[in-house]
Amino acid sequence: MAMDQTDLKLLRIFLTIVEVGGFAAAQSELNLSLSTISSYVTTLETRLGFTLCKRGRSGFSLTREGQIVFEEAHRLFKSVGQYETKMRSLRDKLNGTLTIGLTDNTITDPGARKIEQTIARFVKQAPDVTLNVVTYPPNDLLREIVTGAVQVGICAFPKTVLGLSYVSLYPEMHRFYCSSDHPLFNQSDDGIDIDEVRRYRIVGRKFWLGRDLKDFAIAKPHAMVSDMEAEARLILSGAFLGYLPEHYAKQFVEAGRMRPIRPDQFYVEATFQASFDDSKQLDPVAELFLDILIDDFGAKRD
C-alpha cells in the first residue's frame, strides 16, 4: 500500500506500544487513553489487512505479522532519523569538535592510507570543525568509545562490546618474527616447527586475549606488551619471538634486522573496523565523517 502521514503516525504509536510492553504501559508514554490507543491499532490493522497483536486477559503479544511490521517500522524510523540528521547538517553550518580514535603504528599500512583520504574529504566538507585525533591501545580505545570520549574509533578490535556498532574496513596481516641476534635467524624454515619455537621466549599482547599464543600451546607469554613498538623492541633484542604487522616489520626485514619465521604457518589476519555508539543518535559531524569513511573504503553500514 502507498504510505501517507496517517500510516506513519499509526506505526509510531504501534512501535511505542511494543517497546513499552503493551497498551496499558503505553498510555502515559503516548498521553492517550486505553480506548484511543486500541482504536489506533485497530485502524492500522484494517489498513494493513492483518492482525498485529493479541491483547486481553492473557496479556499483550505480537503475531508473526506484527513482529515483522515492528522490525520493519523500526528500520524505517531509524532511516528517517538518519535522513533528518543529514538534512540538518546540509542546512546548518557544521562546527564543534570531532574526536577520532586510532591505534598505534598503522601509518605504514597500505590498507590504511584511505584514512588520510577520508580526513582530507571531511575537512573540505566541514572546514569549521576541530579535529581531535587520539591514539590508544585497542582495549583502551574501546573504553573511550563506550564512555563517549571518542566518537569514531578505527582499530582491529580484540572483542565485540554490546551496544557498539562495527563496520569492517580492511585487513592487516601479522607474521611471526625473530631478530638477526636470535638463534633461529639463520635456521632454515624447514627445520622449524612448533616444538622448536616453544623452546624460546614468546611475546604476548594484552589486547589479543591469548590468541597470539594458542598455536604454541604455552601457558603464558614470557613478556606482555600493549603496542607494536614495544613488541618490536623485544624482538629486536634477540631474546624474544613475536607477531608484528607485516607492513610495520618490513623496515626491519629490509635492513636485515628481522625475518619472518614459517610465514606459511605462523600468521594472523586482523580486520580493522570503525566502531561507534549507534545506540545514541550520532551528531551530524560524526555522521558525516562515518559516511565519508565508509564510502572511501567501499564498506557497508548495517
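The name given to the protein in an unreviewed UniProt entry is LysR family transcriptional regulator, and the organism recorded there is Thalassospira lucentensis.

**Student:** Could you give me a rundown of the UniProt feature "domain: HTH lysR-type" (unreviewed entry) in the protein, with the residues and numbers involved?
**Tutor:** Under the feature "domain: HTH lysR-type" (unreviewed entry), the UniProt entry names residues 6–63. A helix fraction of 66% and a strand fraction of 7% characterise residues 6–63, whose end C-alpha atoms lie 22 Å from each other.

**Student:** Describe the pairing of strand S11 (residues 267–276), and please don't skip the residues or the numbers.
**Tutor:** With three bridges connecting them, strand S5 (residues 152–155) and S11 associate as antiparallel partners. Following the sheet pairing, isoleucine 154 is matched in S11 by alanine 274. Summarising the sheet, strand S6 (residues 165–179) and S11 pair through 10 bridges and their orientation is antiparallel. The partner of histidine 174 across the bridge, within S11, is valine 268.

**Student:** So, the pattern of salt bridges: which residues are in play, and what are the values?
**Tutor:** Here the structure, examined in full by the defined rule, presents 15 salt bridges. As a salt-bridge pair, glutamate 231 and arginine 205 come within 2.8 Å of each other at their nearest N and O atoms. Note that glutamate 231 is positioned in helix H8 (residues 228–236) and arginine 205 in strand S7 (residues 203–205), a separation of 26 residues in sequence. When sorted by exposure, glutamate 231 lands in the same class as arginine 205, which is buried. Each of Arg121, Asp295 and Asp296 takes part in a single network of salt bridges with overlapping partners.

**Student:** I'd like to hear about the packing of aromatic side chains, residue by residue, with values.
**Tutor:** Describing an aromatic ring pair means giving the distance of the ring centres and the angle of the ring planes. Tallying each qualifying case throughout the model produces eight aromatic pairs. Ring geometry for tyrosine 170 and phenylalanine 272: centres 4.8 Å apart, planes at 15°, overall stacked. Of this pair, tyrosine 170 sits in strand S6 while phenylalanine 272 sits in strand S11, and the two are 102 residues apart along the sequence. Considered together, tyrosine 170 and phenylalanine 272 belong to a single accessibility category, that of buried residues. For tyrosine 170, a relative accessible area of 6% corresponds to the buried category.

**Student:** Please set out the nonpolar core residue by residue, giving values where relevant.
**Tutor:** A general trend in soluble globular proteins is that nonpolar side chains are found buried together. Counting residues in hydrophobic clusters, the biggest one holds 29 residues, and the most contacted among them are Leu98, Phe122 and Leu169. Those elements that provide at least two residues to this core are strand S3 (96–102), helix H5 (114–125), S5, S6, S11 and helix H10 (284–297). At nine residues, H10 tops the list of elements feeding residues into this core. Those residues in contact with leucine 169 that sit more than four places away from it in its chain are Ile154, Phe272, Gln273, Ala274, Leu293, Phe297 and Ala299.

**Student:** Quick one: what's the story with the environment of aspartate 264, residue by residue and with numbers?
**Tutor:** Checked against the element boundaries, aspartate 264 lands in the loop between strand S10 (258–260) and S11. Looking at aspartate 264, the relative accessible area reads 53%, which means it is exposed. Note: C-alpha distance between aspartate 264 and arginine 175 (89 residues apart in sequence) is 9.3 Å.

Thresholds, definitions, all that
The residue numbering used here restarts from 1 in each chain and proceeds along that chain's sequence as written. Restriction of local features to residues with pLDDT of at least 70 applies here, the model being predicted, together with a cutoff of 80 or more for giving and counting side-chain atom pairs; totals for whole chains, interfaces and linings are based on all residues. Excluded from the side-chain calculation are hydrogens and water; included are all heavy atoms of the structure. UniProt positions are given in the numbering used here, feature names are shortened, and annotations may be inferred rather than shown by experiment. Strands here are runs of E lasting at least two residues and helices are runs of H or I lasting at least four, both read from the DSSP assignment and numbered beginning at the N terminus. One requirement defines pairing of two strands: DSSP has to find at least two bridges between them. Definition used for salt bridges: Asp or Glu carboxyl oxygen within 4 Å of a side-chain nitrogen of Lys or Arg. Three exposure classes are used, based on accessible area relative to the maximum for each residue type with a 1.4 Å probe and protein chains only: buried under 20%, partly exposed in between, and exposed over 50%. Working definition: a ring pair exists when centres of Phe, Tyr or Trp rings (six-membered ring for Trp) sit within 6.5 Å. Plane angles under 30 degrees give stacked, over 60 give edge-to-face, the rest tilted. To qualify as a nonpolar core, a set must consist of buried Ala, Val, Leu, Ile, Met, Phe, Trp, Tyr and Cys residues joined through side-chain atoms within 4.5 Å. Note on contacts: a residue pair is in contact if any heavy atoms of the two residues lie within 4.5 Å.

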